[in-house]
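A structural walkthrough
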Amino acid sequence: MRGPGSSGEQQAQARFGTSDRAAAFYEHQVLASLNQPMREFIARMEMMHIATADAGGKCDCSFRAGTPGFVQVLDDKTLAYPEYRGNGVLSSVGNILENPHIGLIFLDYYQTTIGLHVNGTARVMDAQEIATLPNITSGMREAAHSKGGRQPKAWIVVGVEEAYIHCSKHVPLLARREKQIVWGTDDERLKGGNFFKITP
C-alpha cells in the first residue's frame, strides 16, 4: 500500500534510509488544513516566498511582502494574498494560470525562527470576483479601497492541501532595522536600479 508523500519522496527516502523518520514526520507534523496556531502565525507575517511552475514544469520562486497579516486566512482550508503592482512580467500569476500547484513558505526571522510550509492549489481572482467569496475578510475589503501601490491588482486564493513546520535550527534570528518602503514605486533608485549590471 502506498504511503504518504509523492512517489519521488518515497524513492528518495528509501535511497537515503529516512523512511522511518519521514513516516514519523508525516504522522506528527503534517496537516491537511491550518490549525489555530498556524492561522495566528500567518496573521503576523510580513513576508513569504512562493514557488510556482508552468505547465511544462519550469519553476519560479518569488518573494511577497506587506504589512503584518497581508496574507489573509479565510478559513482552515483557504488563504489569500494580494498581487501588487510589480515589474509587469507576472511570472507567478502566469504560472498559476497554467498550473495551479503552489508552495508557500513563511519564515519568522524576528521572534521564533520557525517556518511554516503551505502547499496547495491556487486561483487568480480580480477585485470583483473576490467580493463574491462568502468569507472575505475586513482586511481584504479595506485593501480594495487602498490607493497607488498598496491597491491589489488581483488576489491569489490558495486551497490548502498540506501545512507543516520548517524547523528553526538553521533559520537566523535577525534584528529589525527601519526602512522606508514606497509601495508600487517606479523610481529605479528605490527599486535597486542596475544593481546586477545588466545594462551598460
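Residues numbered from 1 in each chain as written. Predicted model: local features only at pLDDT ≥ 70, side-chain atom pairs only at ≥ 80, totals over all residues. Heavy atoms only, no water.

Some thoughts on the side chain of N99
Within the secondary structure, N99 sits in the loop between α4 (91–98) and β5 (101–107). Judged by relative accessible area, which is 15%, N99 ranks as buried. Polar side-chain contacts of N99 include one of 3.2 Å to the backbone oxygen of A53. Contacts of N99, omitting those with residues within four sequence positions, involve A53, D54 and A55. (Helix = DSSP H or I, 4+ residues; strand = E, 2+ residues; numbered from the N terminus. Buried < 20%, exposed > 50% of the residue type's maximum accessible area, 1.4 Å probe, protein only. Polar contact = N/O pair within 3.5 Å; in protein donor to acceptor, adjacent residues only side chain to side chain. Contact = heavy atoms within 4.5 Å.)

A look at the packing of aromatic side chains
According to the stated counting rule, one finds 3 aromatic pairs in the structure shown. With centroids separated by 5.8 Å and ring planes inclined at 85 degrees, the aromatic side chains of F25 and Y164 adopt a geometry described as edge-to-face. In this pair, F25 is assigned in helix α2 (residues 19–29) and Y164 in strand β7 (residues 154–166), connecting sequence segments 139 residues apart. The exposure class assigned to F25 is partly exposed, which follows from its relative accessible area of 31%. What makes Y164 buried here is its relative accessible area of 18%. The interplanar angle of 55 degrees and the centroid separation of 6.0 Å between the aromatic rings of Y84 and W183 together place this pair among those described as tilted. Here the residue Y84 occupies a position in the loop between β4 (78–83) and α4, and W183 occupies one in the loop between β7 and α7 (188–191), the gap between them amounting to 99 residues. Using a relative accessible area of 19% as the deciding quantity, one classes Y84 as buried. In this structure, R176 packs its charged tip against the face of Y110, placed 4.2 Å from the ring centre. (Phe/Tyr/Trp six-rings, centres within 6.5 Å; stacked < 30°, edge-to-face > 60°. Lys NZ or Arg CZ within 6 Å of the ring centre and 35° of its normal.)

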